[in-house]
Amino acid sequence: MPGAMDVIALRRMADQGDAEAQHALAQCYDFGQNVPQDYAEAATLFRRAADQGHLDAQCELGLLYRDGTGVPQDDREAARL
């Protein structure tokens, strides 16, 4: 996981649309690594990366939907992802 300074750089890149940075930052929020744990923010970032075709982000977002973590529980959306 990235360090605190790396989180700032990841945020900058994620805000510019970098899918890899969005995925990495989402993982930080998902696990509370160098940022406060925030499942809703993780889901938002996973969604942005997933919408760009990032396969790991699609899978991880599907798990959040399966479990209802940070998003409403939705088995159909989980299976679609």
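Since the structure is predicted, the reported quantities are computational estimates derived from the model, not experimental observations.

Thresholds, definitions, all that
Numbers given for residues are sequential positions, taken from 1 along each chain in its written order. Local features in this predicted model are restricted to residues whose pLDDT is 70 or higher, and side-chain atom pairs enter the listing and the counts only when it is 80 or higher, whereas totals over whole chains, interfaces and linings include all residues. To get the side-chain values, take all heavy atoms of the structure and skip hydrogens and water. The set of buried Ala, Val, Leu, Ile, Met, Phe, Trp, Tyr and Cys residues whose side-chain atoms join them within 4.5 Å is what this entry labels a nonpolar core. To sort residues, take the accessible area from a 1.4 Å probe on protein chains only and compare it with the maximum for the residue type: under 20% means buried, over 50% means exposed, and anything in between is partly exposed. The secondary structure listing takes helices from DSSP runs of H or I that are at least 4 residues long and strands from runs of E that are at least 2 residues long, numbered from the N terminus. For this analysis, residues touch if any pair of their heavy atoms sits within 4.5 Å. We call two N or O atoms a polar contact when they sit within 3.5 Å, provided that within protein one can donate a hydrogen and the other can accept it, with sequence-adjacent residues counted only if both atoms are side-chain atoms. Axis definition: a line fitted to C-alpha atoms, limited for helices to the stretch in contact. Angles are taken between N-to-C directions and run from 0 to 180 degrees. Working rule for angles: under 35 degrees goes down as roughly parallel, over 145 as roughly antiparallel, 65 to 115 as roughly perpendicular, anything else as oblique. What makes a crossing left-handed is the near helix being turned counterclockwise from the far one by less than a right angle; a clockwise turn instead makes it right-handed. Should a side-chain nitrogen of Lys or Arg be within 4 Å of a carboxyl oxygen of Asp or Glu, the pair is scored as a salt bridge. The rule for a disulfide is simple: a pair of cysteine sulfur atoms within 2.5 Å.

Caption draft 1: Structural detail: the nonpolar core. Counting 23 residues, the largest nonpolar core has Leu 25, Phe 46 and Leu 61 as its most contacted members. Sorting the residues of this core by element identifies α1 (4–15), α2 (19–31), α3 (39–50) and α4 (55–67) as the ones contributing at least two each. The dominant element in this core, judged by the number of residues it contributes, is α2, at 7 residues. Beyond its immediate chain neighbours, meaning those up to four positions away, Leu 61 contacts Ala 43, Phe 46, Arg 47, Ala 50 and Leu 81.

Caption draft 2: Region of interest: the side chain of Gln 22. Here Gln 22 shows up in helix α2. Gln 22 gets classed as buried once you look at its relative accessible area, which sits at 3%. Side-chain polar atoms of Gln 22 contact the side chain of Gln 52, separated by 2.8 Å. Aside from chain neighbours lying at most four places away, what touches Gln 22 is Ala 14, Gly 17, Leu 45, Arg 48, Ala 49 and Gln 52.

Caption draft 3: Examining the packing of α2 against α4 more closely. Taken N-terminus to C-terminus, the directions of α2 and α4 make an angle of 30°; their axes are 10 Å apart at the nearest point. One way to sum up the angle between α2 and α4 is to call them roughly parallel. Crossing of α2 against α4: the hand is left-handed. Taken together, the residues of α4 that come into contact with α2 (itself represented by His 23, Gln 27 and Asp 30) are Asp 56, Ala 57, Glu 60 and Leu 64.

Caption draft 4: Structural context of the pattern of salt bridges. Scanning all chains against the criterion turns up 6 salt bridges. The shortest N-O distance in the salt bridge between Arg 11 and Glu 41 comes to 2.9 Å. Residue Arg 11 is located in helix α1, and its partner Glu 41 is located in helix α3; the two are separated by 30 residues in the primary sequence. Relative accessible area serves as the criterion here: at 21%, Glu 41 is assigned to the partly exposed category. Residue Asp 67 pairs with Arg 66 through a salt bridge whose shortest N-O separation is 2.8 Å. A relative accessible area of 44% means that Asp 67 is categorised as partly exposed. If you follow the salt bridges from partner to partner, you end up with Arg 47, Asp 51, Glu 77 and Arg 80 in one network.

Caption draft 5: Highlighting the state of the cysteines. Applying the stated rule across the entire model yields 0 disulfides. Summary of cysteine pairing: Cys 28 is not part of a disulfide, and the nearest cysteine sulfur, belonging to Cys 59, is at 18 Å. Accessibility expressed as a relative area gives 0% for Cys 28, which makes it buried.

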